[in-house]
Amino acid sequence: MPRRSDLHKILVIGSGPIVIGQAAEFDYSGTQAARALREEGYEVVLINSNPATIMTDGEIADRTYIEPVTPEYAELVIARERPDALLPTMGGQTALNVAMELSARGVLARYGVELIGAKARAIEVAEDRQEFAAAMQRIGLKVPQGRIAHSWEEAQSIAEFTGYPAIIRPSFTLGGSGGGIAYNREEYEDIVRRGLAASPSSQVLIERSLLGWKEFELEVMRDHADNVVIVCSIENFDPMGVHTGDSITVAPAMTLTDREYQIMRDAACAVIREIGVEAGGCNIQFAVNPLDGEMIVIEMNPRVSRSSALASKATGFPIARIGAKLAIGYRLDEIPNDITKTTPASFEPVLDYVVVKCPRFAFEKFAKASPILTTQMKSVGESMAIGRTFKEALQKGLRALEIGRAGWEIGARLADDRLSDDSIESLRGALSTPTPERIFQIKRAMIAGMSLDQIHEITAIDRWFLDQLLELIEAERWFAGLTAIEPDHVRQMKRLGFSDRQLAEFRGETEAAARERRWRMGIRPVYKMVDTCAGEFPSSTPYLYSSYDVENESPRTGRKSVIILGSGPNRIGQGVEFDYMCVRAVLALREQGYETIMINSNPETVSTDYDTSDKLYFEPLTLEDVLEIVHRERPLGVIVQLGGQTPLKLTKGLGEAGVTILGTSPESIDIAEDRKRFEAIARDLGIRQPDAGTATSVEDAADAAARIGYPVLVRPSYVLGGRAMQIVYDEPSLREYFETAARVSEERPVLIDRFLEDAFEADVDAVSDGETVVIGGVMQHIEDAGIHSGDSACVLPPYRIDESDIDAMKRHTVALAKALGVVGLINVQFAVKDGIVYVLEVNPRGSRTIPFVSKAIGVPLASVAARVMLGETLEDVGFTREIVPPFVSVKEAVFPFTKFREFDPLLGPEMRSTGEVMGISDSFGSAFAKAQLSADNALPLDGTIFITVNDGDKPTVTPIARRFHEMGFHLYATDGTARYLTRRGIPTRAIRKVHEGRPNGLDLLKNGDIQLLINTPLGKHAQFDDYQLRQAAIGQRVSYTTTMSAASAACDAILSLRSRAASVRSLQEWHEMVREEGLAQEQL
Amino acid sequence: MTVAAERRQGFLLLEDGTLFHGRLVAEAAPAVAEVVFTTNMSGYQEVFTDPSYRGQIVVMTAPMIGNYGVNDEDGESGGPQVSGIVVRDMSRSYSNWRGDRDLSSWLAEAGIPVLSDVDTRQLTRHLRSSGVMRGVIGVGHAATDDARAMLDACPSMIGLDLASVVSAKTEYSWGGPTASKHIVAYDFGIKRNILRLFESEGCRVTVVPSNTPPEAVLEREPDGVFLANGPGDPAAVTYAPATIRTIAQKGIPILGICLGHQLVGLSFGASTEKLPYGHRGGNHPVRELATGKVLITSQNHGFAVSGSEQGIPGAPELEVTHINLNDGTIEGMRHRELPVFCVQYHPEAAPGPHDARPLFSEFMTALGEG
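Residues numbered from 1 in each chain as written. Chains lettered and ligands numbered in written order. Predicted model: local features only at pLDDT ≥ 70, side-chain atom pairs only at ≥ 80, totals over all residues.

### Observations regarding the overall build of chain B
Working step 1: If you tally the helices and strands in chain B, you get 10 helices and 19 strands.
Working step 2: Rg of the C-alpha trace for chain B: 20 Å, near the compact-globule value of 21 Å for 370 residues, within the 12% margin.
Working step 3: Projecting the C-alpha coordinates of chain B onto the three principal axes gives extents of approximately 65 × 45 × 40 Å.
Working step 4: Counting over 370 residues, chain B shows a buried share of 59%.
Working step 5: Long-range pairs, those at least 24 residues apart, make up 75% of the contacts in chain B with a sequence separation of at least 6. (Helix = DSSP H or I, 4+ residues; strand = E, 2+ residues; numbered from the N terminus. Rg over C-alpha atoms; globule rule 2.2 N^0.38 Å. Buried ≥ 20, exposed ≤ 12 C-beta atoms within 10 Å, placed from the backbone. Contact = placed C-beta atoms within 7 Å.)

### Quick word on the overall build of chain A
Working step 1: Counting secondary structure elements, chain A contains 37 helices and 38 strands.
Working step 2: Considered along the principal axes of its C-alpha atoms, chain A spans approximately 80 × 65 × 65 Å.
Working step 3: The proportion of buried residues among the 1084 residues of chain A is 61%.
Working step 4: Within chain A, counting contacts between residues at least 6 apart in sequence, those at least 24 apart form 70% of the total.

### Side note on the sheet that holds strand S35 (residues 970-974) of chain A
Residue and element names in this part refer to chain A.
Working step 1: Spatial strand order, S36-S35-S34-S37-S38: 5 strands in an open sheet with parallel pairing. Only two strands of the sheet have a single partner each, and these edge strands are strand S36 (989-991) and strand S38 (1039-1041). Neighbour to neighbour, the strand axes of the sheet diverge by 25° on average, direction disregarded.
Working step 2: Pairing between strand S37 (residues 1012-1015) and S38: 3 bridges, direction parallel. Along S38, the bridge assignment pairs isoleucine 1014 with threonine 1041. (Pairing = 2+ DSSP bridges. Axes fitted to C-alpha atoms, helices over the stretch in contact; angles between N-to-C directions.)

### Some words on the domain arrangement of chain A
Working step 1: Here chain A is partitioned into domain 1 (9-116), domain 2 (145-209), domain 3 (526-662), domain 4 (691-754), domain 5 (760-885) and domain 6 (935-1059).
Working step 2: Between the C-alpha centres of domain 1 of chain A and domain 4 of chain A the distance comes to 46 Å. (Domains from an automatic or database assignment.)

### Describing the interface of chain A and chain B
Working step 1: Across the contact, 51 residues belong to chain A and 46 residues belong to chain B.
Working step 2: Here the element with the most residues in the side of chain A that touches chain B is helix H16 (residues 463-480) of chain A; it accounts for 7 residues.
Working step 3: Looking at the side of chain A that touches chain B, its residues break down into 21 nonpolar, 11 polar and 19 charged. (Nonpolar A, V, L, I, M, F, W, Y, C, P; charged D, E, K, R; others polar.)

### Re unusual backbone geometry
Working step 1: Following leucine 796 of chain A, the chain continues into proline 797 of chain A via a peptide bond in cis, with omega recorded as -10°.
Working step 2: Position of proline 797 of chain A among the secondary structure elements: in the loop between strand S29 (794-796) and helix H27 (803-819).
Working step 3: The omega angle of the peptide bond from alanine 350 of chain B to proline 351 of chain B is 5°, so this bond is cis rather than trans.
Working step 4: Relative to the helices and strands, proline 351 of chain B is located in the loop between strand S19 (340-343) and helix H10 (358-369).
Working step 5: The phi dihedral of alanine 534 of chain A falls on the positive side, at around 55°, and the residue is not glycine.
Working step 6: Note that alanine 534 of chain A resides in the loop between strand S17 (526-529) and strand S18 (543-547).

### Points about the sheet that holds strand S4 (residues 85-87) of chain A
Residues and elements named next belong to chain A.
Working step 1: Across the sheet, which stays open at both edges, the 5 strands sit in the order S3-S2-S1-S4-S5 with parallel pairing between neighbours. Bordering the open sheet on either side are strand S3 (63-65) and strand S5 (114-115), each of which pairs with just one other strand.
Working step 2: Where S4 meets S5, 2 bridges bridge the pair, whose relative direction is parallel. Considered in S5, the bridge of alanine 85 is made with glutamate 114.
Working step 3: Against the sheet, helix H3 (residues 92-104) contacts strand S1 (9-13), S4 and S5, and its axis sits at roughly 125° relative to S1.

### Some details on the domain arrangement of chain B
How big an interface is tends to be expressed through the accessible area that disappears when the partners come together.
All names here are of chain B.
Working step 1: Per the domain assignment, the segments making up chain B are domain 1 (4-153) and domain 2 (163-369).
Working step 2: The C-alpha centroid of domain 2 is placed 28 Å from the C-alpha centroid of domain 1.
Working step 3: Contributing elements (two or more residues each) for the side of domain 1 that touches domain 2: strand S3 (31-38), helix H1 (44-49) and helix H3 (120-130).
Working step 4: With 3 residues, S3 is the single largest residue contributor to the side of domain 1 that touches domain 2.

### Thoughts on helix H6 (residues 129-138) of chain A
Residues and elements named next belong to chain A.
Working step 1: All of the buried residues in H6 are Arg129, Phe132, Ala133, Ala135 and Met136. Axial view of H6: buried residues confined to an arc of 160°, hence all on one face. Opposite the packed face of H6, turned more than 90 degrees from it, sit the exposed residues Ala134, Gln137 and Arg138.
Working step 2: The secondary structure elements touched by the buried residues of H6 are helix H5 (120-127), strand S6 (146-149), strand S9 (204-208), helix H9 (258-275) and strand S14 (295-301).
Working step 3: In the stretch just after H6, glycine 140 is the one whose phi turns positive, near 75°. (Arc of directions from axis to C-beta.)

### Considering the packing of helix H8 (residues 240-249) of chain B against helix H9 (residues 259-267) of chain B
Residues and elements named next belong to chain B.
Working step 1: Two elements in contact, H8 and H9, have axes whose closest approach is 8 Å; the angle formed by their N-to-C orientations is 80°. One element, H8, and the other, H9, form an angle in the roughly perpendicular class. Each of Ala240, Pro241, Ile244 and Arg245 in H8 lies in contact with H9, whose residues at this interface are Leu263, Val264, Leu266 and Ser267. (Parallel < 35°, antiparallel > 145°, perpendicular 65-115°, else oblique.)

### Notes on the pairing of strand S2 (residues 19-24) of chain B
All names here are of chain B.
Working step 1: Relative to S2, strand S1 (residues 8-14) runs antiparallel, the two being bridged by 6 bridges. Across the sheet, the residue bridging to arginine 8 is leucine 24, located in S2.
Working step 2: Linkage of S1 to S2, two consecutive antiparallel strands, is achieved through a turn of 4 residues, within which glycine 17 is found at a positive phi near 95°.
Working step 3: Here 2 bridges tie S2 to strand S8 (residues 114-116), and the two strands are oriented antiparallel to one another. Note on S8: the bridge partner recorded for arginine 23 is serine 116.

### Let's talk about the pairing of S1 of chain B
All names here are of chain B.
Working step 1: Burial analysis of S1 places 5 of its 7 residues in the buried class, the great majority of the element.
Working step 2: Of the strand pairs in this sheet, S1 and strand S9 (residues 133-139) are connected by 5 bridges, and their pairing is antiparallel. The partner of leucine 13 across the bridge, within S9, is valine 136.

### Things to note about the environment of isoleucine 234 of chain A
Residue and element names in this part refer to chain A.
Working step 1: Checked against the element boundaries, isoleucine 234 lands in strand S11 (residues 228-236).
Working step 2: Given 24 C-beta atoms within 10 Å, isoleucine 234 falls into the buried group.
Working step 3: Residues contacting isoleucine 234, with those up to four places away along its chain left out, are Phe216, Glu217, Thr249, Val250, Ala251, Ala253, Ser307 and Ala311.

### What to know about the environment of leucine 452 of chain A
All names here are of chain A.
Working step 1: Residue position: leucine 452 is located in helix H15 (residues 452-459).
Working step 2: We classify leucine 452 as partly exposed; it has 17 C-beta atoms within 10 Å.
Working step 3: Distance from leucine 452 to valine 773, taken between C-alpha atoms, is 61 Å for residues 321 residues apart in sequence.
Working step 4: Residues contacting leucine 452, with those up to four places away along its chain left out, are Arg463, Leu466, Asp467 and Leu470.

### Brief notes about the packing of helix H31 (residues 924-934) of chain A against helix H36 (residues 1044-1059) of chain A
Packed helices, taken two at a time, are described by the angle their axes make and the gap between the axes.
Residues and elements named next belong to chain A.
Working step 1: Across the interface, H31 lies against H36 with an axial gap of 7 Å and an inter-helix angle of 100°. In terms of their interaxial angle, H31 and H36 are classed as roughly perpendicular. From H31, Phe924, Gly925, Ser926, Phe928, Ala929 and Gln932 reach across to H36, where they touch Ala1049, Asp1052, Ala1053, Leu1055, Ser1056 and Leu1057.

### Considerations on the environment of glycine 770 of chain A
Residue and element names in this part refer to chain A.
Working step 1: Topologically, glycine 770 is positioned in the loop between strand S27 (760-769) and strand S28 (773-784).
Working step 2: On the basis of neighbour count, glycine 770 is assigned to the partly exposed category, with 18 C-beta atoms found within 10 Å.
Working step 3: Sequence separation between glycine 770 and threonine 664 is 106 residues, and the spatial gap between their C-alpha atoms is 8.5 Å.
Working step 4: Apart from residues lying up to four places away in sequence, glycine 770 is in contact with Gly821 and Val823.

Written out as structure tokens, the structure is:
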């Protein structure tokens, strides 16, 4: 059956900002879906608030709405665009929930919009725990013996039935958010109440624990003619109890006999049919009892997911793309397999390799958060690796995580593996609790002599996996004990996935020496193709992975080629923004006729889609892996400045190996990172920097801080995302910092800067061709100095900075770009205090604000930069003048505080946000309001505001409070603040502080009497009060701000929300305005 | 020490002279046979015990083999049938609640050589582009003259009647004696799962040697006759077509699978041909022409009935019911008048998906009508 001709315009909903459990994989699926629909001639309308995505780039859809992904805004878009259909399955749980709400509110019926891909009924059955259990019963499948609770009272009786541990899963939440495992009654009550609050339908499912059961997933697709295929099976290394997003997972399943696999496959086919996913994909999770094979269906997601992105990358079968084609009426057998080109998509991919996915965590950013892995997802990113064996893929996957491990190796210190000692007893204890380090603790346990059976009993990890690991240890010992190294020895070790660095360590050599010897022996990896069919059919799609095998399938084409290094696993401080830039560069260079070669290890991205670049190497981003590809490809050069710190860190090594770095030279990159050399340049240019020093001991640091004057900003050198960066107000705090947060030594110097209190900050992005520098955009931070730039909201163009200061920043940026010889992108951070402009930081590379700026000004800066790096001038590219758009764009950061509930949501110099959103409008207030809404911090239009600020902020909060009062808000404040405001004619009711008795502010918050909390830290003695308030605000989903400037912006925003109806406009229309403005300027 | 470097070197020499290096997992005599690859990702025990693989060295494209051991339940015959096995990585241990023993020792006991650590993808791509060919697994780093001599002496698969070799020499029955239906199955290399499925459909099966005369079968007045899968060249099973025609003309329902399907074709005038590299795996899409439905099927065959969706040259009485979506080859046929059905793929799976299982109940319906 051909595509449906009754549909013309299709709305695709994106997933909004990157949060834990919903990350860049939805940029991948949304982009694929939009492309797939447009190539069929449909008009595509897109809503997504996340600017750091390829899918929201102007040319991906016909109409792109960077607007809040909420039912209200989606309705506005529908009313304006009148689409025929809505595809809700590409934007994760967010899109699905919005679509369901639109359906429930009658919006879809009113505008005649058809849900395609998955009908409302199917979504309902899949998502509602009770309905799902009933559906499974109908087809004879078991579900965990669970019962639904709508209240704590109901939950109490269920616990008697399940016993402890019990699993609590809230309905309709993302990544298991709000769920957990309760081992006792106290935990049970805590988690149940949290789950009920988190679930939009106030439902939790309570199940008997299946801890220790084996966990599997199948990715399934079905067309409207009822043809079903299984795309991929995935087996979790970590058994049940750890969220699959936090597990090491393996594809295909390793330990199932065919009989068991086919039982699971039959079940999966039955599930997708019974749930009624008519044309699309789903993911089904199974638990299997390792003792008798009893199989239980855990859950089913009727949409593309993180797992489906992984499965797509693992097999070469593009689930989102095919899903979009099925949604518009095609059958699986009418769609060609993109990779082979000759066979249809109605088949099941076969793998002749093993894929391992490893999760990446960010607990170092959230010191108070529990590192214990449970059914609630906590990882922020993942690496994927492909090898010919599990052993090889696991070692590649672990080194691709970029957490300092060159493979499966123990940490340098016990603490690195979350251990205090390595006695058997302590190892047993550690192993019994899953943490990110458990995989390394297993190695220590094996080295310490624990038997495979013992480790299996404690961890329930399948013995087969454990024996695979044991083989690696045996190989290490064998290699370490060899008297002379023969080529065959090295080859055998490389085939087990050992990196040069590991081999060097076993032999007490340097990595360089180990590599040198290997090269001398002529031992190089070959590259194999991921072809969906295990070599059964010819394939010409160069999707490649390395292995120390015999035949190479990646011939050089002889074309002029460029390697673009990706950004590896997502992490806080290095997210989808960097992938965005890499993809833009690839697209631009492809268009210019270069052969583009992408290297990346992150399955959640557009860059690792096999048709983004001419050649894709799915490989870890280590020096060894990159050098091997360079050796094979002999490119014109390598682009390192778009993928964040990951490629940047390789620059030196690549340069030393004689690899051409395109754009800004390694030398310049080094100067910008080297304080002393950079200070000299800034001095020469007459650019001010805050007083600063470098210390290599605690005493040194104390001296430097005293000289500079407190408060100071301290941080280790060479860090990403402000890791361990703190503002310190006095010497005791400084000493405490070195005890708790960072170490200092000759090798690990610490940087100390004067902290410019109450300064405001700005970011400038620019692009340079070596001669000309053009400003991309100036962004004013909403938050004051001291908040990491990645965590601060910002606005473009600036709205409250003097023209002269803005000019100074632009001048400085141009001067610095020239002085550093930048070819490509540069980002400069400024602070302005008392009319003086200081340079805080210079990054001669693409910064995380590039996607936002590109969208705000309508110019893809990363594409411009890529072309410039290959020798074109800005004139050639056609970007010669700064564009100041005639509208306002606001970027707001999004935080994982609801996931790390123990953590205080205060902002600081260490970056903690996982994603960002953008609000565009013709006024600041309105743009800021949209951004807040998108960041899930919807501002109230009326009601009561609770103000509790420190003394220093009282004068600042006064005019803000006055404006709120004038708008009709009721004000509460703690005693002192209330009197202060009332004296100034702002009626404010006093309420007790938390420690002063009850009722207090916390009670008000918990009772839902507060609509907005304005709270700035009150100092140490009241820290706990503050913390509780902020926690309660998050728990009750009450809007809150923790800085004065954000409170003021919120006030502007609320004023705007009250004075005008919400409206939407597409990015294409905004950009049209930019063009018109540009033309008008030229005519002047 | 289990590191592969310490194991014994071995090789696979193909008839076109291509040499693949590997390690021999255990001591075993050299083996010479046709080298084929299968893309089944799970189910190695079923593959190795499938009589249709008789006379073949099987290359597993799935790189890790042996992970779940072998058990008493999943064999498709009394023991390993393959001549040799080539893998990328042979697991030294296994883990599965049904696992009884490890794969390596089970194969070693049966004297079947396993060449491991081979670039099986290279080998597969080679067979795909050059076609399947004979090969010899031998010991050492370089091909020996002995190995070459063995290779030269190995007959081609074309013209080889292996069905008669693997067939049961005496008849036996399967299933409860009180079952309501009785099927006589011609054993050309029958897989046990076919028998298990007939049993679960309420049938008693009498398995008879491949050369059993039709009269001996008709005498028993079976409700239906089954033509089993099996190895070798269908055209070499010269005695079968006459038998099949005789039984068919009595109006007894006949179901053929794989070799049985090819023999039905030959019986009614079709010819068979050798495919360049065969269909072996568990992911082959087959379209059921009557409904348009796509079945993901399990397959294992090197020969096929000549023809296409448009028809079967030489066999006007047969119509095509199924085709392969990858290469358009014939996957199923039926007689236009007589109750004779056959499929090239394996509805009994084992290993492979169960999409085509309803075929057994459809055959039961035909029995009811017959």
